[in-house]
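# Architecture and fold: a report
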Amino acid sequence: RPKAMLNKRSKTKENVPRSNAHTASFESAKPLTMHTPPPGPLHGCVCVVDVVVEGSNGSESFKKKLESLGALVSARVDSSTTHLIFKGGREQTYTAAKERGVHLVTTSWVLTCEEDMERADEAPFERKVKPPTPGKAA
């Protein structure tokens, strides 16, 4: 049913059909679809990185790689830790991971996961981890 409106210019009433064309209809609008990338190959891994190369902390670049592969990176070994990426690090970190049965792997494990875009078998990389020198406080 047309609604009578006042024409502002002529100050007279005219019949103008009621239209909702200018308003968005939320019922008919398609929902936005967010494309979430699939989880990375290391999704579900909780990693601690302790990498010291020639006396310098080399952990940052490996932390970034792990995060880009979908892993969570933690500062300390705890009950949620699944992997310790270790090279020349602290004896305390190494011992804590060993006691908890965490996968102790070399930095090559991270590079292999990144290259293949899949979680690599840890066993070959666990055998290559060198324990720290006792008393080392790197």
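Presented here is an overview of the structure given in this document. Since the structure is predicted, the reported quantities are computational estimates derived from the model, not experimental observations.

With that settled, the discussion passes to the overall build of the protein chain. For the protein chain, the count of helices and strands is 4 helices and 7 strands. If you list the helices and strands of the protein chain from N to C, you get β-β-β-β-α-β-β-α-β-α-α. When burial is assessed residue by residue, the protein chain has 28% of its 138 residues classed as buried. Total accessible area on the protein chain stands at roughly 10200 Å², and carbon and sulfur atoms take up 52% of it.

Let's shift gears to the nonpolar core. Ranked by size, the top nonpolar core spans 16 residues in total, and within it Leu 42, Leu 66, Ile 85 and Trp 109 carry the most contacts. Going through the elements one at a time, β3 (46-53), α1 (59-68) and α3 (107-116) are the ones with two or more residues in this core. Setting aside chain neighbours within four positions, we find Leu 66 in contact with Leu 42, Cys 47, Val 49, Ala 71, Val 73, Ile 85, Trp 109 and Val 110.

Another point: the pairing of strand β6 (residues 83-87). With respect to burial, β6 is a largely interior element, 4 of its 5 residues being buried. Here β3 pairs with β6 via 5 bridges, running parallel. Its bridge partner being in β6, Val 49 is matched across the sheet by Ile 85. Where β6 lies against strand β7 (residues 103-105), 3 bridges are found, and the strand directions are parallel. Bridge pairing in β7 links His 83 to His 103. In the classification by handedness, the crossover that spans β6, the intervening helix α2 (residues 91-100) and the parallel β7 is right-handed.

Let us look at the pattern of salt bridges. Enumeration according to the criterion identifies 4 salt bridges in this entry. Residue Lys 63 is joined to Glu 60 by a salt bridge in which the shortest nitrogen-to-oxygen separation is 3.5 Å. Taken together, the residues span about one helical turn, with Lys 63 and Glu 60 both in helix α1 at a distance of 3 residues. Using a relative accessible area of 47% as the deciding quantity, one classes Glu 60 as partly exposed. Linking Arg 119 and Glu 122 is a salt bridge whose minimum nitrogen-to-oxygen distance equals 2.8 Å.

Below, the discussion takes up α3. For α3, the complete set of buried residues consists of Thr 107, Trp 109, Val 110 and Cys 113. The buried residues of α3 occupy an angular sector of 160 degrees when the element is viewed end-on, so they sit on one face. As for α3, its buried residues are in contact with β3, α1, β6, β7 and α4 (123-126). Two residues or fewer after α3 comes Met 117, characterised by a positive phi angle close to 55 degrees.

Quick look at the pairing of β3 now. For β3, the buried fraction is high: 7 of the 8 residues fall into the buried class. Relative to strand β5 (residues 72-74), β3 is paired through 3 bridges, and the arrangement is parallel. Looking across to β5, one finds that Cys 47 is bridged to Val 73. Note: β3 against strand β4 (residues 56-57), 2 bridges, orientation antiparallel. If you follow Val 53 over to β4, its bridge partner there is Ser 56. Between β3 and the antiparallel strand that follows it, β4, lie 2 residues; Glu 54 among them carries a positive phi value of about 50 degrees.

What counts, and at which threshold
Residues numbered from 1 in each chain as written. Predicted model: local features only at pLDDT ≥ 70, side-chain atom pairs only at ≥ 80, totals over all residues. Heavy atoms only, no water. Helix = DSSP H or I, 4+ residues; strand = E, 2+ residues; numbered from the N terminus. Buried < 20%, exposed > 50% of the residue type's maximum accessible area, 1.4 Å probe, protein only. Areas by Shrake-Rupley, 256 points an atom, 1.4 Å probe, with all protein chains shown as cover. Core = buried A, V, L, I, M, F, W, Y, C linked by side-chain atoms within 4.5 Å. Contact = heavy atoms within 4.5 Å. Pairing = 2+ DSSP bridges. Right-handed = clockwise from strand over helix to strand, strands pointing away. Salt bridge = Lys/Arg side-chain N within 4 Å of Asp/Glu carboxyl O. Arc of directions from axis to C-beta.

Everything listed here is a matter of coordinates, which is why it stays silent on function.
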